[in-house]
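One-letter residues, chain by chain:
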Amino acid sequence: MQEQINNPLHGKRLDTIIEYLVEYYGWEELGQRIPIRCFNENPSVKSSLTFLRKTPWAREKVEQLYVKTLLKK
C-alpha cells in the first residue's frame, strides 16, 4: 500500500471537509467561492454531502478549496 504522507486529503472524510470550510468561510462565502445550489439555497451539511457524493466535479472543487485553505495557514 502506497503511503500518502503529502496528501492533505488522505484520511479526511467529506463531512469533515465541509464542516471545516463552513467554519472557516461560512455558507455565504462558500457559496460565492463554489456557486452550487447546496451551498446557496437552504444549505446544510447533509444536503451538501448528498450532492457532492453524486457529483464528482463539484466534489473536486470542494477538495481543491480545502487544500488551498489549508495552505493559507
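Bear in mind that the values here come from a model prediction, so they are computed numbers and not experimental data. (Residues numbered from 1 in each chain as written. Predicted model: local features only at pLDDT ≥ 70, side-chain atom pairs only at ≥ 80, totals over all residues. Heavy atoms only, no water.)

Asks: When you look at the environment of Lys72 in this model, what are you seeing that I'm missing?
Replies: By the secondary structure assignment, Lys72 is in helix α4 (residues 56-72). Every residue in contact with Lys72, bar those within four places of it in the chain, is listed here: Tyr24, Tyr25 and Arg33. (Helix = DSSP H or I, 4+ residues; strand = E, 2+ residues; numbered from the N terminus. Contact = heavy atoms within 4.5 Å.)

Asks: Whenever I open this one, the environment of His10 confuses me. Can you help?
Replies: Counting through the fold element by element, His10 comes out in the segment before α1 (14-33). We classify His10 as partly exposed; its relative accessible area is 45%. Remark: the alpha-carbon pair of His10 and Tyr66, spanning 56 residues in sequence, is separated by 12 Å. (Buried < 20%, exposed > 50% of the residue type's maximum accessible area, 1.4 Å probe, protein only.)

Asks: I would appreciate a short explanation of the packing of helix α3 (residues 45-54) against α4 in the present structure.
Replies: Relative orientation and spacing of two packed helices are given, respectively, by the angle between their axes and the distance between those axes. Their axes nearest at 5 Å, the elements α3 and α4 cross at an angle of 115 degrees. Along the contact surface, α3 presents Phe51, Leu52 and Lys54, while α4 presents Pro56, Trp57, Ala58, Arg59 and Val62. (Axes fitted to C-alpha atoms, helices over the stretch in contact; angles between N-to-C directions.)

Asks: Could you clarify how one ought to interpret the packing of α1 against α3 in this entry?
Replies: Interaxial distance between α1 and α3 falls to 10 Å at its minimum, and their mutual angle equals 125 degrees. It follows from the interaxial angle that α1 and α3 lie oblique. Considering how the two elements wind past one another, α1 and α3 form a crossing that is right-handed. In this structure, α1 uses Leu14, Asp15, Ile18, Glu19 and Trp27 to contact α3, whose residues at the interface are Val45, Ser48, Leu49, Leu52 and Arg53. In the contact of α1 with α3, the residues fall into six nonpolar, one polar and three charged. (Parallel < 35°, antiparallel > 145°, perpendicular 65-115°, else oblique. Left-handed = near helix turned anticlockwise from the far one by under 90°. Nonpolar A, V, L, I, M, F, W, Y, C, P; charged D, E, K, R; others polar.)

Asks: So what exactly am I meant to see when it comes to the side chain of Thr69 here?
Replies: Looking at the element boundaries, Thr69 is found in helix α4. Its relative accessible area of 0% is what places Thr69 among the buried residues. In this structure the side chain of Thr69 is engaged in a polar contact, spanning 2.7 Å, whose partner is the backbone oxygen of Leu65. The contact partners of Thr69, leaving out residues within four places of it in the chain, are Tyr20, Leu21, Tyr24 and Tyr25. (Polar contact = N/O pair within 3.5 Å; in protein donor to acceptor, adjacent residues only side chain to side chain.)

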